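# Structural description and commentary
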Amino acid sequence: MEELTHQRIQEKLTEKFGDAILKVEEPYNLLTFTIKRESLLDILRFLYNDQELEFQFLTDITGVHFTAPEEVLGAVYHLHNLPKNIRIRLKAFFPKNDPVIDSATPVFSGANWMERETYDFFGIQFKGHPNLKRILNVDDLGYFPLRKEYALEDSTRTDKDDSLFGR
Amino acid sequence: MLTQPNNTNTQVTDQSELTTLNLGPTHPATHGVFQNILKMDGEKIVDSESTIGYIHRAFEKLAERRPFYQITPLTDRLNYCSAPINNMGWHMTVEKLIGVEVPKRVEYLRVIIMELSRIADHLICNSILGVDSGAYSGFLYVMQQREKIYEIFEEICGARLTTNIGRIGGLERDFTPAAFAKIKTLLDEFPIVWKEMESLFNRNRIFMDRTIGVGAISAERALNYGFTGPNLRAAGVDYDVRVMNPYSSYQDFDFEIPIGTNGDTYDRFMVRSEEVWQSLSIIRQALEKLPAGPYHAEVPDIYLPPKEEVYSNMEALIYHFKIVMGEIEVPKGEIYHSIEGANGELGFYLISDGGRMPYRLHFRRPGFVYYQAYGEMIKGATISDAVMTMSSLNLIAGEMDA
């Protein structure tokens, strides 16, 4: 069996999901794929089941909100192949007004609460999640606090002038 | 505010025989925040729904409005039983982002601080497990030793619990001779106490009956849930970030990764107990091999200068001003860095847009992962087993809230 390198992972994924891979990067030596959201579950299953890839450890799921050049929300997945000690990152972006992506719970039990948390803070809907409800905030909060439009500080305050502090 | 029990998953057909019981949030074992709505069939738990509760640290949101060096105090309040480990994890993440290499002495000193924290954390977890089984004296006995560790932290940085130890680029100051002396005293005295602690519990018939086979999780299920740290190692998987992805010169030290076989409460206790010995060994090695040299990297535009220099040296004043006003150069980038926290893999996912504050910071909390498996682990058990299981998972409420 060939050694599992970034190049090999990229080859295998591109061969199988060519059109679904939108971008490949290696920031700080962590192989990162930006994928189409429709293919997420297929890619996760492939990464999990393939005997060479074996990405069977879900380290983390979280969200991110970019406001420029356009308003998009993203779901970020960190996976780990423990026996070969290689990590990869998957990212899928979607418009803010249509934040829907498949749930990873059919593959990873641990995705359950991670997705609930991401939903709670970003409003990302995970299709197929068994119990998608808020986890760290009250049920009737009414907004998603980690989105960028919700400022941490009260925007009506006048005693702090951000421009004086380089903000 | 409390969620109503969800009956839909209950497998028992005759609903009228089930009792709904709240385990927490006011039960002593549930830290004042965790609530578990149990469906009981007599004394047996048939279903459970867990709620984390509301602490509202808002760590991730706060971090988006603070310059990088001001985030360290926030990390202290995550896993407050081993706050310095969180500090170091954050510093290393930013150093990796900026590309700063710290001197070898700093790495060794950091290892000493982190391993002291690990001992303090394990010591609390194991002794509280004793308390939850009714054995209070062990807890009081080791608490004196935690005080000694806190005194070392106090000597190093001036604080005990929320330590704020260190800086991006190194440590705030070098260890004083008094700090080394206190560490040496601890290394001499603590093993005697820990041996007695072990003799109180390890082969104690009552303790073994209360823990063996209780709250067990298989290696396969633990991995599927994303378990790490002592809870995963108790199930027989030897994953340790210190060995798999060494940081802070951990590759320079000889130590073993203790593993269990059954993934039950007893194994988790034993793994932590053995890890304390390993941590002591690492501290001894670090002290023996401690290199001479500076206690911070030569990066004046990133590392806050010592206060006395700020008052006497013009350059130091300028750098101090620039750093405090958040004008340090941080590259754009996306980074994930993880370290072995006292209760598992502690990860920081950071997106920087080149500004003075993180664009996005997410924290991978091991406790959050464990607690979602809790319902599965206590299914079929009794209330007293559920208490022991929760205790052995080392759930820290502050860490779970993002």
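Our subject is the structure listed above.
Residues numbered from 1 in each chain as written. Chains lettered and ligands numbered in written order. Predicted model: local features only at pLDDT ≥ 70, side-chain atom pairs only at ≥ 80, totals over all residues. Heavy atoms only, no water.

### Looking at the overall build of chain A
Scanning chain A from terminus to terminus reveals three helices and seven strands. The dimensions of chain A, computed from C-alpha atoms along their principal axes, are 65 × 40 × 30 Å. Within chain A, buried positions represent 54% of all 167 residues. If you take every contact in chain A between residues at least 6 apart in sequence, the share linking residues at least 24 apart comes to 52%. For chain A, the computed accessible surface area is about 7,900 Å², with 46% contributed by carbon and sulfur atoms. Here chain A contributes 21 positive and 28 negative side-chain charges, whose respective centroids are spaced 2 Å apart. (Helix = DSSP H or I, 4+ residues; strand = E, 2+ residues; numbered from the N terminus. Buried < 20%, exposed > 50% of the residue type's maximum accessible area, 1.4 Å probe, protein only. Contact = heavy atoms within 4.5 Å. Areas by Shrake-Rupley, 256 points an atom, 1.4 Å probe, with all protein chains shown as cover. Lys, Arg positive; Asp, Glu negative; His and termini not counted. Charge placed at Lys NZ, Arg CZ, Asp CG, Glu CD.)

### Looking at the pattern of salt bridges
Residues and elements named next belong to chain B. On inspection of all chains with the given rule, the structure shows 36 salt bridges over all chains. Residue Lys-184 pairs with Asp-188 through a salt bridge whose shortest N-O separation is 3.1 Å. A residue pair is termed a helical-turn pair when its members lie 3 or 4 positions apart in one helix, as Lys-184 and Asp-188 do in helix H6 (residues 177-201) at four residues. Looking at Lys-184, the relative accessible area reads 51%, which means it is exposed. Look at the salt bridges and you will find they share partners, linking Glu-115, Arg-118, Arg-233, Asp-240, Arg-242, Glu-275 and Glu-340 into a network. (Salt bridge = Lys/Arg side-chain N within 4 Å of Asp/Glu carboxyl O.)

### Quick notes on a nonpolar patch on the surface
Residue and element names in this part refer to chain B. A contiguous nonpolar surface patch, about 270 Å² in accessible area, is contributed by Met-314, Leu-317 and Ile-318. Tracing the sequence through the fold places Ile-318 in helix H13 (residues 314-324). The partly exposed category is assigned to Ile-318, whose relative accessible area is 41%. (Patch = residues over 30% accessible without salt bridge, like charges linked within 9 Å, V, L, I, M, F, W, Y side chains within 5 Å.)

### Quick word on the environment of Phe17(A)
All names here are of chain A. In this structure, Phe-17 sits in helix H1 (residues 6-17). Relative accessible area serves as the criterion here: at 12%, Phe-17 is assigned to the buried category. Sequence separation between Phe-17 and Lys-36 is 19 residues, and the spatial gap between their C-alpha atoms is 9.9 Å. Leaving out residues up to four positions away in the same chain, Phe-17 has contacts with Asp-42, Ile-43 and Phe-46.

### What about the side chain of Asn36(B)?
Residues and elements named next belong to chain B. Tracing the sequence through the fold places Asn-36 in strand E2 (residues 35-41). Separated by 2.8 Å, the side chains of Asn-36 and Ser-50 make a polar contact. The contact partners of Asn-36, leaving out residues within four places of it in the chain, are Leu-21, Asn-22, Leu-23, Thr-30, Ser-48, Glu-49, Ser-50, Tyr-371, Tyr-374 and Met-390. (Polar contact = N/O pair within 3.5 Å; in protein donor to acceptor, adjacent residues only side chain to side chain.)

### Some details on the interface of chain A and chain B
At the junction of the two partners, chain A supplies 50 residues and chain B supplies 47 residues. For the pairing of chain A and chain B, the buried interface totals around 4,200 Å² over both sides, and the portion due to carbon and sulfur atoms is 55%. Across the chain A-chain B interface, the total number found is six salt bridges. Its salt-bridge partner being Lys133(A), residue Glu49(B) comes within 3.0 Å of it at the nearest N-O pair. (Buried area = accessible area lost by both parts, 1.4 Å probe.)

### Concerning the packing of aromatic side chains
Counted according to the given criterion, the structure contains 28 aromatic pairs over all chains. Measuring from centroid to centroid gives 6.1 Å for Trp90(B) and Phe348(B), while their planes differ by 55°, and the two rings are tilted. Of this pair, Trp90(B) sits in helix H3 (residues 83-98) while Phe348(B) sits in strand E5 (residues 344-353), and the two are 258 residues apart along the sequence. Across this residue pair, the class does not change: Trp90(B) and Phe348(B) are buried. Cluster of aromatic residues (ring-pair linked, three or more members): Trp113(A), Phe34(B), Phe368(B), Tyr371(B) and Tyr374(B). The cationic tip of Lys148(A) hangs over the ring face of Tyr359(B); the distance from NZ or CZ to the ring centre is 3.9 Å. (Phe/Tyr/Trp six-rings, centres within 6.5 Å; stacked < 30°, edge-to-face > 60°. Lys NZ or Arg CZ within 6 Å of the ring centre and 35° of its normal.)

### Overview of the pairing of strand E4 (residues 72-81) of chain A
Residue and element names in this part refer to chain A. Most of E4 is tucked away, with 10 of its 10 residues classed as buried. Every second residue of E4 is oriented toward a common face, with Val-72, Gly-74, Val-76, His-78 and His-80 on one face and Leu-73, Ala-75, Tyr-77, Leu-79 and Asn-81 on the other, all of them buried. Sheet topology note: the strand E3 (residues 57-66)/E4 ladder contains nine bridges and is antiparallel. Residue pairing for E4: Ile-61 is matched across the bridge by Tyr-77. Counted between consecutive antiparallel strands, the loop separating E3 from E4 contains five residues. Looking at chain direction, E4 and strand E5 (residues 86-95) are connected through 10 bridges and run antiparallel. (Pairing = 2+ DSSP bridges.)

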